[in-house]
Structure formats: structure tokens, C-alpha cells
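So you can see what is in the structure, the chains are spelled out below.
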Amino acid sequence: MKPKNYSPMEKPISVVTGKFRSSNNNNHSNVWFVVPLFILLCFILLCFDYSALYITDTTDEPASSSSFSDTTQKKPVSPRDEPTTKDVNVSRLLDEPLPDSCSGRYIYLHDLPGRFNNDLLHSCSLITRGTENNICPYLENFGFGPEIQDPDNVLLKQSWFSTNQFMLEVIFHNKMKKYTCLTHNSSLASAVFIPFYAGIDMSRYLWGFNISVRDSSSHELMDWLVKQKEWSRMSGRDHFFVAGRIAWDFRRQTDNESDWGSKLRFLPESQNMSMMSIESSSWNNDYAIPYPTCFHPSSVDEISEWQDRMRSRKREYLFAFAGAPRPEYKDSVRGKIIDECLESDDQCYLLDCNYGKVNCDNPVNVMKVFRNSVFCLQPPGDSYTRRSMFDSILAGCIPVFFHPGTAYAQYKWHLPKNHKSYSVYLPVKDVKEWDIKIKERLLEISEERVVRLREEVIKLIPSVVYANPSYGSEGNEDAFELAVKGMLEKIEEVREMMRQGKDGGEGFDDRDDYKYTFSPYEAQVLT
């Protein structure tokens, strides 16, 4: 039989050569060889495509993203196949560095000898507050103190405690133990925290002890710190601690036995460290952070509930003052304020905190007044600052300041730079020249501005409370988190100077005599 004739376009194509083949009987057998070969090639290609599907990003980001974290790769592995710590470390050296949410935020917590912290708490009966002999109950609940009994439902249950304002160092230490970015590897740390209870230690010796006793723990601490390997890295300028007293208590400038406080901050080694306290001094390495209030929420929802309560309050009084007169201070601002309040009839509420009258340490009594007042007067206390200003913020009561050292020159990590956005400023440079009519000045403020001021005050509540250590901020940073953030930024500024070959100590512990003067804040005066 004659072979079938093909037109040139009908001739079979060779898979191997790509050319038209001549037609003969052997070509038919070649076709059967080509078909399995073609199927095999297709299978190989499919296998390659299929394996690529295993490496997928489970997030919504495009597949072209070149940055992956180990939490986004969800390919299941058996326990036997899980990488060991050693394997992970090797992988990180070989591959691109993985994103680290703690980068620049790691803190190393020094494990101090017990005599600098825990032993002080065990002997709490020896600590005096100045007006009370027993400070031990205030150490309960992470340093928050006993839970407040509130039968009138003025406060949120299980969120308010009888907190001593001098317990800041205990509260801060307990919160630091829960800090997300703690590290046991000090070489990774951006900062080193020293859990020294400086205020509690000094409280034991404030009355009736000579200066050598008052300064003894300070010397011992410095001797211990400089022997640790962490000190040499930046000569201590990446070290910080927290004190539950005003900074001036640690800056005794002479060795006269009659002078107040300790010399901790004037020791050469201590001058290389930073201190956070309830009130700063004039030195650059002292920083102010909020007094502990009695409100310690466990969740963002508790804060939101409290804020809503304060927004909905009908406020009966134009202004209020909670405090005691200072007759020992001649021509004190407090005396003028109390006089004006008494003259203002039913427009001012005076909560007299003289001993034996009203317990102003009980937040129920204070909140009853502040939550019913539009403005809360905040003159200087025994020093520039007072806890009452933070109580007024909690109550949504607009603070009225008379001196820049009460707030504006202090809490720069926690309060807005634009002081007019949340407060009223009525400066009093000399009480002898007092010409302020408080009621009249406050009545001049429009209702529209009052509403704006109050809302800004209420928004500040999360940033001035020390939340329960179990608190998840979810973007609403509390006073602790803002303080840590601010301190890390300051230390990084010093580190950057050192990278540039500059002296990291330049200006670090300089004194700023301009800090508490009135002139920088003249633009904030109510007009």
C-alpha cells in the first residue's frame, strides 16, 4: 500500500527537532514515544508550580513583599521539625534580619542586692511618711495600696486604691517587671533600669539622723553599680532610676547636718545617671513624671467608662480648691485663693484638708468635689507641684495654674506642649502684688472654650494613670509607658552624640536656672 501523501502543512512536527518529519511507518511508533515524554515534562512543571504554593504570606500584603516575620509563615511543622534556638540564631545570621518590635526599646533590669529595694519593704514599719507611722498597708497590690471602699458608687469598683504618692518607685518597679521588651542580655539593651527605692530608703533617716547615715545607701549603690560590666559601656549615661519623692530631696548641696535630704544626685557617678521623680529639679538629668493617683485601671474599657462618666457630669460649681492653708508661708498664694473662694459664695467649693477635718487622701472625698466643678485651682504646694493637679485631670476638671513650675516646666512627656489647650494660666510672680479676681477671670472664658478645654483634659486621663500591670494599652499609653518612651529617647540622643565622636556628657547634667522662671510661659497667659 502506498504511503499517504501529506501536504507540506499537514506533515507531523518532530518534538525533538521542531522540523517537519517525512512520513513513514516508523514515524507512527515515534509518536507513541513522544506522548509519554510530553506528559512527563508537564508533570515536572506542575510539580514546580505546586511547591511554590507552600511559601505564602498569610497576611493581606502582596506576595512581592520582601519582608516577612516568623509569625506570618503558617506552614505547619511537626514538633520534630521545629527549629531549635540555635537553628533560629544561625538562620538570622544567614538571612535578612527579621523585624524586631523591641528594637531600640530593650531594657535591662539590674538585679540589685536586696538591701536596695525588697529588704526595705520587709522592714516597712521603720519607714515614716512624715505624718503617719505605718506605711506598710500602702505596699499591697503592686504598691497601689488597699482597694477603696466606695458604697456611694463615686468611683469604678476594683479600679481605685488608697495609693500613697510616695510609692512611685515600687509601682514603677512592678510595672517594669511586666515590660514587654525586658532582656536578660544587657548587650542588647538600649537602657539599664536601676530598681533602687531611693525615696523609701531616705524616708527612714529624714528626721534625727546625721548626713553620713542619710547618704550611706547612696554611696553603697554607686560602689556596686560601677563594678558591673554594664556601667562601662556609656559610663552610666544609659542608666536610670525612679524616685517617689521630689528631686530636690536628693540634692542636698552642703554637708551641714541641718540641711534637708541626701546627696545622692551630687555623687560623681550618680551625675552620669538619669532620675525620674514626681517633681524634677533644675538639672537636665532629672525628669518629672506624674504622681501616682488612686485610679489604676486594668483595661482600656475601664478608662473609657470613666471618661464617659466625666463627660456626662453636670458641674455645679465654677471652681474648687482642695487643700490646707499654709500660715507658715507668709503671703502664700494658697491664702489668697482660700479667701477668694470663701468670698465667692456658692460658685466655689473649698475642701479644707486641714488635719482632722476631711480626709483628702480618700479619693471619694476629692472626686465628689472635683467632678462637680468646672475649674480646679492648683497653686504650688510644699514644693512647686502637687498630686491634686492629676486628681483634677481624672475628674475632667480644668486645672488653673499660678506658677509654671507646677506643671508646664515639669511633665513634658505626659502633658501637651500647648498648655492653653488643657489649662488656664494666671501667673502670680509676687503675692504682694496680687490683683487677680479669680471668679471674674474664669467667667470671661466662653462656654465653647470651656467645652474644648474639658475634652482635652479628659483625653489626658490615660497618660497620667499608672495602670494595673495586666493592662494592655492598645495604643493608649499610660504614664509608665510614656515615661519609658521618653527616657529611651533621651538616652538615644546621648548615644547618637557618642556615635558622632562627641562627648556624650556635654550638657547631660548641667543646671538650667531658667527652667522655673515665668518668662518662657508668658504667651500662655489667659487673655
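The model shown is predicted, which means the values in this text are computed figures rather than measured ones. (Residues numbered from 1 in each chain as written. Predicted model: local features only at pLDDT ≥ 70, side-chain atom pairs only at ≥ 80, totals over all residues. Heavy atoms only, no water.)

### Side note on the sheet that holds strand E8 (residues 348–352)
Basically, it comes down to this: For two strands to be treated as a pair, DSSP must find no fewer than two bridges joining them. Put simply, DSSP marks the helices as runs of H or I at least four residues long and the strands as runs of E at least two long, and each gets a number from the N terminus on. Contact criterion: two residues are considered in contact whenever any of their non-hydrogen atoms come within 4.5 Å of each other. The axes used here are C-alpha line fits, helices contributing only the stretch in contact, and every angle between their N-to-C directions lies in the interval 0 to 180 degrees.
Pairing within the open sheet is parallel, and its 5 strands lie in the order E8-E7-E9-E10-E11. A single partner strand is all that each edge strand has here, and the edge strands are E8 and strand E11 (424–425). Bridge analysis of strand E9 (residues 373–378) against strand E10 (residues 398–401) gives 4 bridges, and the strand direction is parallel. Counted as the bridge partner of Phe375 is Ile398 from E10. Against the sheet, helix H14 (residues 447–459) engages E9, E10 and E11, with an angle of about 100° to E10.

### Things to note about helix H9 (residues 300–311)
Rule in force here: Multiply 1.5 Å by the residue count of a helix minus one, and that product is the helix's expected span. Relative accessibility under 20% of the residue-type maximum defines a buried residue, over 50% an exposed one, and the middle range a partly exposed one, all with a 1.4 Å probe and only protein chains included. The directions considered for the arc are those from the helix axis to the C-beta atoms.
With 12 residues, H9 should reach 16 Å at 1.5 Å per residue; the first-to-last C-alpha distance of 16 Å fits that figure. The complete set of buried residues in H9 reads Val300, Glu302, Ile303, Trp306, Gln307 and Met310. Around the axis of H9, the buried residues are gathered within 160° of arc, so they sit on the same side. In this fold, the buried residues of H9 make contact with helix H11 (363–370), helix H12 (388–394), H14 and helix H15 (461–464).

### Quick word on H14
Across its 13 residues, H14 extends 19 Å between first and last C-alpha, which sits within 8% of the 18 Å expected from 1.5 Å per residue. Buried within H14 we find Arg449, Val450, Leu453, Arg454, Val457 and Ile458. Considering only its buried residues, H14 is in contact with H9, E9, H12, E10, E11 and H15.

### Examining the pattern of salt bridges
Counted only if it meets this: Counted as salt bridges are all cases of a side-chain nitrogen of Lys or Arg within 4 Å of a carboxyl oxygen of Asp or Glu.
In this structure the tally under the stated criterion is 21 salt bridges. Between Arg452 and Glu448 there is a salt bridge whose closest N-O contact spans 3.6 Å. Placement of both Arg452 and Glu448 in helix H14 is noted, with a separation of 4 residues, approximately one turn of the helix. Residue class for Arg452 comes out partly exposed when judged on its relative accessible area of 48%. A relative accessible area of 58% means that Glu448 is categorised as exposed. Where Glu496 meets Arg499, a salt bridge forms, and the shortest distance between an N and an O atom there is 2.7 Å. Of this pair, Glu496 and Arg499 are both found in helix H16 (residues 479–499), 3 residues apart, which corresponds to roughly one turn of the helix. Given a relative accessible area of 33%, Glu496 falls into the partly exposed group.

### Side note on the state of the cysteines
Selection rule: In this description, the term disulfide denotes a pair of cysteine sulfurs within 2.5 Å.
Summed over all chains, the structure comprises 5 disulfides. Across the disulfide, Cys353 is cross-linked to Cys360 (sulfur-sulfur distance 1.9 Å). On the sign convention where negative is left-handed, the bridge of Cys353 and Cys360, at about -90° about the S-S bond, is left-handed. Two residues, Cys376 and Cys397, share a disulfide whose sulfurs are 2.1 Å apart. Between Cys376 and Cys397, the S-S torsion sits near 110°, and that sign places the bridge as right-handed. A residue pair is termed long-range when its members are at least 10 positions apart, and Cys376 in strand E9 and Cys397 in the loop between H12 and E10 qualify at 21 residues.

### A short note on the environment of Val424
Within the element layout of this structure, Val424 appears in strand E11. Residues Val424 and Leu453, spaced 29 residues apart in sequence, show a C-alpha to C-alpha distance of 9.0 Å.

### Some words on empty space enclosed by the protein
Our working rule: A cavity, in this analysis, means grid points on a 1 Å lattice covering only the protein atoms where a 1.4 Å probe fits yet has no way out; a pocket is instead an open set bounded by protein on both sides within 12 Å along at least five of seven lines, and a residue lines either one if it has an atom within 4 Å of a point. Grid points are joined across faces, edges and corners, and a volume is the space filled by probe spheres set on the points. Note that Gly is not counted as nonpolar here; it falls among the polar residues with everything else outside the nonpolar set of Ala, Val, Leu, Ile, Met, Phe, Trp, Tyr, Cys and Pro and the charged set of Asp, Glu, Lys and Arg.
Under the defined criterion, the tally for this structure stands at 2 cavities of 30 Å³ or more. In this structure, the second largest cavity occupies an estimated 30 Å³ of space. Glu169, Phe193, Ile194, Pro195, Phe196, Tyr197, Phe241 and Val242 are the residues that line the second largest cavity. Taken together, the residues of the lining of the second largest cavity sort by class into 7 nonpolar, no polar and 1 charged.

### Regarding the pairing of E10
Two faces make up the sheet, and in a regular strand the side chains alternate between them. The condition is simple: Convention used here: a crossover is right-handed provided that the path from the first strand, over the helix, to the second strand proceeds clockwise when the strands point away from the viewer.
Side chains of E10 alternate between two faces, with Ile398 and Val400 and Pro399 and Phe401 buried alike. Regarding topology, H12 serves as the crossover connection from E9 to the parallel E10, and that connection is right-handed. Here E10 runs beside E11; their pairing, made up of 2 bridges, is parallel. In the sheet register, Phe401 faces E11, and the bridge partner there is Tyr425.

### Digging into the sheet that holds strand E6 (residues 286–288)
With parallel pairing, 6 strands are arranged side by side in an open sheet as E2-E1-E3-E4-E5-E6. Across the chains shown, the open sheet's two edge strands, defined by having one partner strand only, are strand E2 (182–183) and E6. Where strand E4 (residues 239–246) and strand E5 (residues 274–279) come together, 5 bridges link them in parallel fashion. Paired with Val242 across the strands is Met276, a residue of E5.

### Some thoughts on the packing of H9 against H14
Think of two packed helices as two axes; the pair is described by the angle between the axes and how far apart they sit. What counts here: Here the angle decides the label: under 35 degrees means roughly parallel, over 145 means roughly antiparallel, 65 to 115 means roughly perpendicular, and every other value means oblique. Handedness of a crossing is defined here by the sense of rotation of the near helix relative to the far one, left-handed for an anticlockwise turn of less than a right angle and right-handed for a clockwise turn.
In the contact formed by H9 and H14, the axes pass within 10 Å of each other and the chain directions differ by 160°. As far as their axial angle goes, H14 and H9 are roughly antiparallel. Here H9 runs over H14; the crossing is right-handed. Between H9 and H14, the residues in contact are Gln307, Met310 and Arg311 and Glu455, Ile458 and Lys459, respectively.

### A word on the packing of aromatic side chains
Rule in force here: Here is the rule: rings of Phe, Tyr and Trp (six-membered ring for Trp) pair when centre to centre is within 6.5 Å. Planes less than 30 degrees apart are stacked, more than 60 are edge-to-face, and the remainder are tilted. Two thresholds decide whether a charge sits over a ring: the Lys NZ or Arg CZ must be within 6 Å of the ring centre and within 35 degrees of the ring normal.
For the coordinates displayed, the defined rule picks out 22 aromatic pairs. Plain terms: the ring middles of Tyr179 and Phe480 are 6.4 Å apart, the flat faces sit at 75° to each other, and that makes the pair edge-to-face. On the criterion of sequence distance, the pair formed by Tyr179 in the loop between helix H5 (168–176) and E2 and Phe480 in helix H16 is long-range, its members being 301 residues apart. Looking at Tyr179, the relative accessible area reads 11%, which means it is buried. Judged by its relative accessible area of 4%, Phe480 falls in the buried class. Site record: aromatic cluster; members linked through ring pairs are Phe172, Tyr179, Phe193, Phe240 and Phe480. Lying across the ring of Phe508, Arg237 places its NZ or CZ 5.9 Å from the centre. The lysine or arginine in question, Arg245, covers the ring of Phe166, its NZ or CZ lying 4.9 Å from the ring centre.

Read these as layout, nothing more, since geometry by itself doesn't imply function.
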